[in-house]
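Chain residues, written in single-letter form:
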Amino acid sequence: MRLRTLEVKIGDLLLGNCHPVRVQTMTTTDTMDTEATVEQTIRCIEAGAELVRITAPSKKEAENLLHIKNALRKRGYNTPLVADIHFTPNAAEIAARIIEKVRVNPGNYVDKKKFEFIEYTDKEYNEEIERIRERFTPLVKICKEYGTAMRIGTNHGSLSDRIMSRYGDTAMGMVESAMEFLRISRDENYHNIVLSMKSSNPLVMVQAYRLLVQTMEREFGAIYPLHLGVTEAGDGEDGRIKSAIGIGTLMEDGIGDTIRVSLTEDPEFEIPVCKDLVKRYENKNFAGSLLNIKEKLPYSPVDYLRRITSDISNTGGSHVPVVIADFMHAKSIHQNDLQSIGYRYDPALDKWNISDGAADYIYTADKILDFALPGTLKVICNYKTWLQAPDKQKYHPLIQGEEYSSVDNSLAQSCYVALDCNNEELARNVVSALRDNKNIVLCVWSSGERPMLSVRKFITGLMNEGIKSPVILVVESSDTTIDEQLIHFSTEAGALLLDGMGDGLWLMNDPSVIVNQKISGRTYLETKNNHQFINNTSFSILQATRTRISKTEYISCPSCGRTLFDLQETTAKIRSVTNHLKGVKIAIMGCIVNGPGEMADADFGYVGSGPGKITLYKGKEVIKRSVNSDVAVEELVNLLKENGAWTEPGN
Ligand code: SF4
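Okay, so let's go over this structure. (Residues numbered from 1 in each chain as written. Predicted model: local features only at pLDDT ≥ 70, side-chain atom pairs only at ≥ 80, totals over all residues. Heavy atoms only, no water.)

### Overview of the overall build of the protein
The criterion, for reference: Think of it this way: any DSSP run of H or I at least four residues long counts as a helix, any run of E at least two long counts as a strand, and we number them from the N terminus. Throughout, radius of gyration means the C-alpha value; the globule benchmark is 2.2 Å times the number of residues raised to the power 0.38. Exposure is judged per residue with a 1.4 Å probe applied to protein chains only, and the accessible area is read against the type maximum: over 50% gives exposed, under 20% gives buried, and values in between give partly exposed. Throughout, a residue-residue contact means that at least one pair of heavy atoms, one from each residue, lies within 4.5 Å. Where accessible areas are quoted, they stem from the Shrake-Rupley method and a 1.4 Å probe; at the residue level, only the protein chains shown are allowed to cover. We treat Lys and Arg as the positive residues and Asp and Glu as the negative residues; His and chain ends play no part in the count. Throughout, a charge is located at the NZ atom of Lys, the CZ atom of Arg, the CG atom of Asp or the CD atom of Glu.
For the protein, the count of helices and strands is 17 helices and 25 strands. Computed over the C-alpha atoms, the radius of gyration of the protein is 26 Å, within 12% of the 26 Å expected from 2.2 N^0.38 for a compact globule of 651 residues. Its C-alpha atoms give the protein principal-axis dimensions of roughly 75 × 55 × 55 Å. The buried share of the protein, reckoned over its 651 residues, is 61%. Contacts in the protein between residues far apart in sequence, at least 24 positions, make up 67% of those at least 6 positions apart. Just so you have it, the protein exposes about 25,100 Å², and 49% of that area is on carbon and sulfur atoms. Separation of charge centres in the protein, based on 75 positive and 86 negative side chains, amounts to 2 Å.

Shown next, in the form of structure tokens:
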């Protein structure tokens with residue numbers, strides 16, 4: 001059963017109460033450019049958007065929503081429109097009389113962010129709430145009168161100073177920020193409300209939504225519909241992976257009534273990704289979801305703690321999750337083939353160059369390699385082949401769960417046991433044998449209808465029984481497009497990693513399916529090499545779940561009518577000069593009004609501050625103001641150098 005929420009009406013669209021999950025996006029045009037906004041909105045609707053959001057930074061844009069709405073209706077498009085409001089109650093009050101929904105950000109609707117820490121007494125805090133009530137109630141009354149819906153949309157990066165001072169930068173702070181506004185709305189008997197808890201960090205986002213559901217249930221005995229999204233997810237494959245991990249993890253549990261995948265791409269390209277996500281859960285059984293589990297869990301879904309596992313070879317314990325490259329289908333394996341998984345052989349120097357995204361293991365099935373391996377790469381091969389392997393330090397056996405009992409299980413060396421946890425009897429037998437053998441790493445998947453739920457249940461069982469064997473998450477995709485495969489891998493593996501489960505990733509697909517395909521949207525990733533695609537996807541999932549950092553992280557806003565430069569082009573330019581800076585988080589934000597607040601935990605920020613002008617940040621601190629955009633990328637590099645965050649490419 002999906003999470004049953006209250007029903008909300010947005011124009012003619014019904015949302016919540018187990019209606020289909022609605023997909024939406026947001027325009028990137030200048031709202032004062034009626035024609036461009038209308039044309040882009042139509043492209044989004046034609047792509048399948050069921051709601052389209054348009055920014056209304058001030059009164060004049062809010063007023064222009066009337067022209068946009070009329071032009072759309074004249075052309076036969078009745079899709080509900082949503083006004084996006086930050087800082088300007090006046091604009092919200094105008095928009096709420098014109099279009100079907102307004103989105104307010106409780107972090108900045110009344111408060112102006114000064115990044116100040118103030119210690120509030122309870123009395124002072126309550127006075128602040130009364131101040132919000134005074135400023136927010138008029139909007140609630142207008143929405144009630146005009147039948148307008150509202151989204152109370154919290155952003156992790158733009159919590160008010162008041163919330164930050166009391167709750168810190170936490171999921172609880174995000175929840176409380178929305179609850180303050182929700183309580184005021186309820187006091188006015190206004191319920192046409194949707195909520196969101198967005199963050200660019202999928203872990204924070206997932207925890208905040210789960211906490212919000214618990215809080216509403218406890219306080220009201222009812223749950224308002226939820227709009228899911230990961231903010232500033234970026235573009236291309238990373239944007240899709242981050243979004244799928246955050247949104248997919250919640251949808252696995254039946255949470256979510258409407259979604260937006262925020263990509264730094266043209267908004268119509270977000271819709272196919274939304275649709276791919278939604279279709280995974282149509283007519284699905286949610287029996288094993290967190291909402292339907294009645295027993296006490298051995299971990300907290302709102303507090304990250306990695307499952308405690310034994311340290312076996314370089315897997316489990318305090319090691320970062322390992323990556324296994326699957327070469328099962330390769331007819332033969334040569335030195336050059338390892339380039340696609342991060343190892344480049346230099347014959348002149350007889351030396352391997354190893355990248356930060358280099359796999360830890362290669363699965364060869366029944367092949368023994370005829371060349372010396374790089375020092376950091378080990379082999380997993382089938383048990384019978386392993387018996388013939390020359391170097392038992394480098395080679396590890398893979399034993400099928402079914403043959404496990406017939407193998408000498410006193411093997412001193414670490415070995416890998418492949419297990420379909422959907423086969424409950426087999427799983428029970430293998431688990432009971434684990435108690436006697438401390439050298440086993442489990443490689444677990446499920447052939448069931450809902451693999452993630454089934455693997456989570458299996459790992460939860462291990463935790464309940466105190467079994468500490470590390471678990472490699474094996475995920476196979478039979479999807480036929482890159483987008484679908486990225487979503488599948490990200491959701492199936494990401495959801496478990498966010499709950500602290502998984503000591504490694506072993507992704508696999510049919511190598512013939514997606515080679516030479518292009519990712520949808522304007523940012524083309526062409527898959528020429530399937531091993532490289534799988535390896536990159538593994539490392540990107542680990543990076544997005546923050547379980548293993550191997551590359552630069554980009555937090556870029558999707559852009560909107562406030563954007564002051566070409567975000568897609570600039571993001572690509574910044575990426576091209578900084579993508580070797582492992583672990584550095586760089587935010588690229590379209591405007592100075594929301595950008596600094598919303599760039600959350602970025603180390604450095606590149607923010608549009610006026611036509612042709614950029615302001616550069618270190619954390620939340622302004623370092624260089626009004627830099628000419630022609631030299632701003634260069635200045636960003638200088639800033640990275642001045643702060644010891646720069647290394648020369650290739651080092
Ligand atoms: S940060 Fe980007 S998406 Fe957000 S308001 Fe500014 S330009 Fe628009």
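The structure having been displayed, the exposition proceeds.
### What about the packing of aromatic side chains?
We count it as follows: Between the rings of Phe, Tyr and Trp (Trp by its six-membered ring), a pair exists once the centres lie within 6.5 Å; its type follows the angle of the planes, with under 30 degrees stacked, over 60 edge-to-face, and the other angles tilted.
Following the criterion strictly, the structure yields twelve aromatic pairs and no others. Taken together, a centroid distance of 5.8 Å and an interplanar angle of 90° make the contact between Tyr 120 and Tyr 125 edge-to-face. Each member of the pair Tyr 120 and Tyr 125 is classed as buried. Ring centres of Tyr 345 and Trp 352 lie 5.0 Å apart, and the angle between their planes is 55°; on these two criteria the pair is classed as tilted. In this structure, Tyr 345 and Trp 352 share a single accessibility class: buried.

### Comments concerning unusual backbone geometry
Of note in the backbone geometry, Asn 189 takes a positive phi value of approximately 60° without being a glycine. Relative to the helices and strands, Asn 189 is located in the loop between α6 (171–187) and β8 (193–198). With a phi close to 55°, Asn 283 is a non-glycine residue in the positive phi region. Tracing the sequence through the fold places Asn 283 in the loop between α9 (270–279) and β11 (322–326).

### Some remarks on the site of the ligand
Note the threshold: Note on definitions. A residue lies near a molecule or strand when any single heavy atom of the residue is within 4 Å of it. Lys, Arg, Asp and Glu make up the charged group, whereas Ala, Val, Leu, Ile, Met, Phe, Trp, Tyr, Cys and Pro make up the nonpolar group; the residues left over, Gly among them, are polar.
Taken together, Cys 557, Ser 559, Cys 560, Arg 562, Thr 563, Gly 590, Cys 591, Asn 594 and Gly 595 make up the full set of residues near the ligand. Of the residues assigned to the shell around the ligand, the class counts are three nonpolar, five polar and one charged.

### Comments concerning helix α2 (residues 59–74)
We count it as follows: Expected helix span is computed as 1.5 Å times (number of residues minus one).
When the terminal C-alpha atoms of α2 are compared, their 24 Å separation across 16 residues agrees well with the 22 Å that a helix rising 1.5 Å per residue should span. By the burial criterion, the buried members of α2 are Glu 61, Ala 62, Asn 64, Leu 65, Ile 68, Lys 69 and Leu 72.

### Focus on the sheet that holds strand β24 (residues 613–618)
Spelled out, the test is: Pairing between strands is defined by DSSP: at least two bridges between the two strands are required. With axes taken as lines fitted to C-alpha atoms, and helix axes fitted only over the stretch in contact, angles between N-to-C directions fall between 0 and 180 degrees.
In space, the five strands of this open sheet follow the order β21-β22-β23-β24-β25, with mixed pairing throughout. Lying at the two open borders of the sheet, with one neighbouring strand each, are β21 (553–556) and β25 (621–628). Here the average twist between neighbouring strands, direction ignored, is 20°. Pairing geometry for strand β22 (residues 585–589) and strand β23 (residues 604–610), over four bridges, is parallel.

### Quick notes on the sheet that holds strand β19 (residues 471–477)
Taken in spatial order, the eight strands close into a barrel running β11-β14-β15-β16-β17-β18-β19-β20, and their pairing is parallel. On average, each strand axis in the sheet is inclined to that of its neighbour by 25°, with strand direction left out of account. As paired elements, strand β18 (residues 440–445) and β19 share three bridges and run parallel to each other. Within β19, the residue paired with Cys 443 across the bridge is Ile 472. Of the strands in this sheet, β17 (415–420), β18 and β19 are in contact with helix α12 (residues 451–464), which crosses β18 at around 150°.

### Describing helix α13 (residues 482–498)
Across its 17 residues, α13 extends 23 Å between first and last C-alpha, which sits within 8% of the 24 Å expected from 1.5 Å per residue. Of all 17 residues making up α13, 17 are buried, and the element is well covered by its neighbours. Positive backbone phi, at 80°, marks Gly 500, one or two positions downstream of α13.

### Here's the deal with the pairing of β25
Taken together, the five bridges between β24 and β25 define a ladder with antiparallel strand orientation. Paired with Lys 613 across the bridge in β25 is Asn 628. Linking β24 to β25, which pair antiparallel, is a turn of two residues; within it Gly 619 sits at a positive phi near 60°.

### Structural notes on the environment of Arg 151
Tracing the sequence through the fold places Arg 151 in strand β7 (residues 149–155). Taking the C-alpha atoms as reference points, Arg 151 and Glu 134, separated by 17 residues in sequence, lie 19 Å from one another. If we ignore the near neighbours within four places in the chain, the residues touching Arg 151 are Arg 53, Lys 101, Val 102, Arg 103, Val 104, Val 194, Ser 196, Lys 198 and His 227.

### Observations regarding the environment of Asn 285
Threshold: We define a polar contact as two N or O atoms separated by no more than 3.5 Å, with the added condition that, inside protein, one atom must be a possible hydrogen donor and the other a possible acceptor, whereas residues neighbouring each other in sequence contribute only through side-chain atom pairs.
With respect to the helices, strands and loops of the structure, Asn 285 is situated in the loop between α9 and β11. Residue Asn 285 is classed as partly exposed on the basis of its relative accessible area of 42%. Separated by 165 residues in the primary sequence, Asn 285 and Arg 450 have C-alpha atoms spaced 8.0 Å apart. With residues up to four places along the chain from it excluded, the contact list for Asn 285 reads Glu 449 and Arg 450. Engagement of the side chain of Asn 285 in a polar contact is seen with the backbone nitrogen of Ala 287, the distance being 2.9 Å.

### Let's talk about the packing of helix α3 (residues 89–98) against helix α4 (residues 122–146)
Quick reminder of the rule: By the definition adopted for this analysis, an angle is roughly parallel if under 35 degrees, roughly antiparallel if over 145, roughly perpendicular if from 65 to 115, and oblique otherwise.
Between α3 and α4, the shortest axis-to-axis distance is 9 Å and the interhelical angle comes to 5°. On the basis of the axis angle, α3 is roughly parallel to α4. Facing Pro 89, Asn 90, Ala 92, Glu 93, Ala 96 and Arg 97 of α3, the residues of α4 in contact are Arg 135, Pro 138, Leu 139, Ile 142, Cys 143 and Tyr 146. Per-class residue counts for the contact of α3 with α4 are eight nonpolar, one polar and three charged.

### Topic: the side chain of Thr 552
Note on placement: Thr 552 falls in the loop between α14 (530–544) and β21. Not counting residues within four places of it along the chain, the set of residues in contact with Thr 552 comprises Gln 543, Thr 578, Asn 579, His 580, Leu 581, Lys 582, Gly 583, Val 584 and Ile 586.

### Concerning the side chain of Thr 315
Here Thr 315 lies in the loop between α9 and β11. In terms of polar contacts, Thr 315 uses its side chain to reach the side chain of Asn 314, at 3.4 Å. If sequence neighbours within four positions are ignored, Thr 315 has contacts with Ser 310, Val 322, Tyr 361, Tyr 416, Val 441, Pro 470, Ile 472 and Asp 503.

### Looking at the pattern of salt bridges
Operational definition: The salt bridge definition used is simple: a Lys or Arg side-chain nitrogen within 4 Å of an Asp or Glu carboxyl oxygen.
Within the structure shown, the criterion is met by 41 salt bridges. The shortest N-O distance in the salt bridge between Glu 180 and Arg 162 comes to 2.5 Å. Taken together, the positions of Glu 180 in helix α6 and Arg 162 in helix α5 (residues 161–167) put the pair 18 residues apart, joining distant regions of the chain. Residue classification places Glu 180 among the buried residues on the basis of a relative accessible area of 4%. Judged by relative accessible area, Arg 162 falls into the buried class, the value being 2%. Measuring nitrogen to oxygen at the nearest pair gives 4.0 Å for the salt bridge that ties Asp 238 to Arg 575. With Asp 238 in helix α8 (residues 236–252) and Arg 575 in helix α15 (residues 567–578), this pair connects stretches of sequence that are 337 residues apart. One connected set of salt bridges, linked through shared partners, spans Glu 128, Arg 131, Arg 162 and Glu 180.

It is worth stressing that arrangement in space is one thing and function is another; only the former is reported here.
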